[in-house]
Amino acid sequence: MLQEIFAFEFMRNALLAALLSSVACGIIGTYVVVKKIGFISGGIAHTAFGGIGLGYYLGINPLLGVIPFSLAAALAIGLLSKKAKVAEDTAIGTFWAVGMAVGVICIGLKPGYAPDLFSYLFGNILTVPSFDLWMIMLLDLLIIAVVWLLSKEFLAISFDEEYAAVSGLKTTALYLLMLCLIALTVVVMVRVVGIVMVIALLTIPAAIARMQSRSLPGMMIRAVVLSAFFSICGLWLSCLLDIASGATIILVAGFCFLLAHSWRFVRLLPGVLPG
Amino acid sequence: MRPPVIACDQLSVDLGGVRVLENVTLSVGEGDFLGLVGPNGGGKTTLLRVILGLENASAGSVRVFGGLPGSFPGRIGYVPQRLFFDREFPISVRDLVLMGRLSKKKLFQHYNTLDRTRVDEAIHAAGLERLIERRIGDLSGGELQRALIARALAGEPELLLLDEPTASIDPQMKTTIYDLIEQLKERLTIVLVTHDTALIGRYVTQVATLNVTLELHEPGATAGRESLAGVAAQNPVFLNP
């Protein structure tokens, strides 16, 4: 079975995509979970669909369209919610829908049928071209470099933004940079699980990893491993059962999330029950 | 002559259209220990936030170490109310205290041996050696409070600002925290915001009551719980403004 899998280039690419995307996903997902910015990350991801539409309309690789678009979305949502007198969830919700709308209009303007549109929304790990793999790898390296350089600053703003400000950090700039890294992670994940389901893979591995971790680096490593495990399991199951890969990965992750929490619940139960 | 550590001159602060501080004039000199008491909503925390540069003055001026608030983060240690962060955050006591070294480091700079030495010293001063690897979620309220004080000390501050360090801690623990603070007053300038009017009289060199406006009491030699209890009794607003 294994040899058969590796005999195909698309299978090798799929496995590589699963492993490479897990790196960004576990590291940035850790910040998303501890800083509780899941909704804002979902907003950035969905707004990014506008970039896919734009890239498609201009006839370039849609991933190249997503990068500037999602970075702009991250900055706009971040600034609007921090500086303007707009409730954060209103700002996010607005961008969420407007980004999707821009994407739909752009795709509609381009004559002809958009065959792989579905794969951007829901991912298709079996059709990742080599160029995209290179890009995912580059973004991984960029994310690792920034997180390594700014680890103490990111820890400080995640834990207590006010204390970070008192310590002399430029918290708004750091927060916007963090949102930009989330935007780049969204780009990495689009091929694997698609825009609609990115948020699950950003949060679930990190949320499970947090249960056992005493430090952010420890949590990141666990989240990367879990994310790779979910992606590869999902990929394998989807091949076995001939079902959609992105959705299968999410279901595997969701199932493990429930399992981890019910296991914790069962373990705590004797303490709760009398006697 | 060196400028006072904190100098507020006719300071007023409005937050969301409400006047929280009015005409506050205050001077804290080197080595002073100021106790700030007053009702909830009286502006105690706001005054600390102005000193830290987190809120701006609407009128009047504030100078900290002779400069604008926020100019010298490395010289101030801040112990916030411990309710404002996630107790489930995956961080050990050591890494929490290490955060106190932030103000001494430049952007991109990683912590080094000196930082770790200062952290060990601060943890020793707070008596937390046994808990150094413990996750903060597993600490008791009093232990967490000590860890937050250790974090402030790790930055080698000259001025220590403490916001309700004994709120929601059992009475026995309160005394140990005050004992710790008493050791620190030998070498630091301290501003302490608190509800414990009965307890602080033993420790502070001056007391101010803050209820939008500030009233300074100089307990001097007669400082004691009696005079402070008197302050509380004369201020029925202690219940609420």
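A quick note: this is a predicted structure, and the numbers were derived from the prediction, not measured.

So, how was this worked out
- Residue positions are given per chain, counting from 1 as you read along its sequence in written order.
- Following the order in which they are written, the chains are lettered starting with A and the ligands numbered starting with 1.
- Only residues with pLDDT of at least 70 are given local features in this predicted model, and only at 80 or more are side-chain atom pairs given and counted; all residues enter the totals for whole chains, interfaces and linings.
- No hydrogens and no water enter the side-chain calculation; it runs on all heavy atoms of the structure.
- Axis lines are fitted through C-alpha atoms, for helices just across the contact stretch, and the angle between N-to-C directions can take any value from 0 to 180 degrees.
- Numbering of helices and strands runs from the N terminus, with a helix taken as a DSSP run of H or I at least four residues long and a strand as a DSSP run of E at least two residues long.
- Crossing handedness is read from the near helix: turned anticlockwise from the far helix by less than a right angle, it gives a left-handed crossing, and turned clockwise, a right-handed one.
- Following the grouping adopted for this structure description, the nonpolar residues are Ala, Val, Leu, Ile, Met, Phe, Trp, Tyr, Cys and Pro, the charged ones are Asp, Glu, Lys and Arg, and the polar ones are all others, Gly among them.
- Using only the protein atoms, space was sampled on a 1 Å grid; points where a 1.4 Å probe fits but cannot get out form cavities, open sets with protein on both sides within 12 Å along at least five of seven lines form pockets, and lining residues are those with an atom within 4 Å of a point.
- Grid points are joined across faces, edges and corners, and a volume is the space filled by probe spheres set on the points.
- Scored from 0 to 100, pLDDT records how confident the predictor is in each individual residue.
- Pairs of residues are marked as contacts when any of their non-hydrogen atoms sit within 4.5 Å.
- Think of it this way: DSSP has to see at least two bridges between two strands before they count as a pair.
- Side-chain atoms within 4.5 Å are what join buried Ala, Val, Leu, Ile, Met, Phe, Trp, Tyr and Cys residues into a set we call a nonpolar core.
- Three labels apply to residues, based on accessible area from a 1.4 Å probe with only protein chains included: buried if under 20% of the type maximum, exposed if over 50%, partly exposed otherwise in between.

Student: Mind showing me how you'd approach the packing of helix α2 (residues 9-34) of chain A against helix α11 (residues 171-210) of chain A here?
Tutor: Axis angle and axis distance: for two packed helices, these are the angle between their axes and the distance between the axes, and together they describe the pair. All names here are of chain A. Between α2 and α11, the shortest axis-to-axis distance is 6 Å and the interhelical angle comes to 65 degrees. Note on packing geometry: the crossing formed by α2 with α11 is right-handed. Considered class by class, the residues forming the contact of α2 with α11 number 18 nonpolar, five polar and one charged.

Student: Looking at this model, I keep getting lost on empty space enclosed by the protein. Mind explaining?
Tutor: Left-over empty space is what a probe sized like a water molecule reveals as it rolls over the atoms. For the coordinates displayed, the defined rule picks out four cavities of 30 Å³ or more. The calculated volume of the largest cavity comes to roughly 80 Å³. Forming the boundary of the largest cavity are A:Tyr163, A:Val166, A:Ser167, B:Pro73, B:Ile76, B:Gly77, B:Tyr78, B:Gly100, B:Ser103, B:Arg151, B:Ala152 and B:Gly155. Elements supplying a minimum of two residues to the lining of the largest cavity: α10 (161-166) of chain A together with β5 (76-79) and α4 (141-154) of chain B. Broken down by element, the lining of the largest cavity gets its largest block of residues, three residues, from β5(B). Here the residues of the lining of the largest cavity sort into six nonpolar, five polar and one charged.

Student: Even after reading the chapter, I still don't get the confidence of the model for chain B, so can you show me in this structure?
Tutor: Interpretation of this model should avoid reading the predicted coordinates in detail wherever pLDDT is low. All names here are of chain B. With 89% of its residues at a pLDDT of at least 70, chain B reaches an overall mean of 85. Summarising per-element confidence for chain B, the mean pLDDT is lowest in helix α7 (residues 225-234) (48) and highest in helix α2 (residues 93-98) (96). The low-confidence segment residues 220-227, where pLDDT is below 50, has six contacts with residues more than four positions distant or belonging to other chains.

Student: Explanation requested: the sheet that holds strand β1 (residues 6-15) of chain B in the structure shown.
Tutor: Hydrogen bonds between backbone groups are what pair the strands of a sheet, and the pairing can be parallel or antiparallel. Residues and elements named next belong to chain B. Here three strands make up an open sheet; going across it, the order is β2-β1-β4 and the pairing antiparallel. The open sheet has two edge strands, β2 (18-28) and β4 (59-64), and neither has a second partner. Neighbour-to-neighbour, the strand axes of this sheet turn through a mean angle of 25 degrees, independent of strand direction. Alignment of β1 against β4, held across five bridges, turns out to be antiparallel.

Student: Help me understand the nonpolar core in this model?
Tutor: Soluble, globular proteins show a tendency: their nonpolar side chains are buried together. With 134 residues, the main nonpolar core has A:Ile28, A:Ile125, A:Val147, A:Phe154, A:Leu179 and A:Val193 as its most contacted residues. Broken down by element, this core gets its largest block of residues, 26 residues, from α11(A). Leave out the neighbours within four places in its chain, and A:Ile125 touches A:Ala14, A:Ala17, A:Ala18, A:Arg191, A:Val192, A:Leu235, A:Ser245 and A:Ile249. Among the nonpolar cores identified, the runner-up in size contains 30 residues, and B:Val5, B:Val28, B:Leu36 and B:Val193 belong to it.

Student: Is there a simple way to explain the environment of B:Val50 in this structure?
Tutor: Residue and element names in this part refer to chain B. Within the secondary structure layout, Val50 lies in helix α1 (residues 44-52). A sequence separation of 124 residues divides Val50 from Lys174, and the C-alpha atoms of the two residues are 27 Å apart. Leaving out residues up to four positions away in the same chain, Val50 has contacts with Leu11, Val13, Glu55, Val62 and Pro69.

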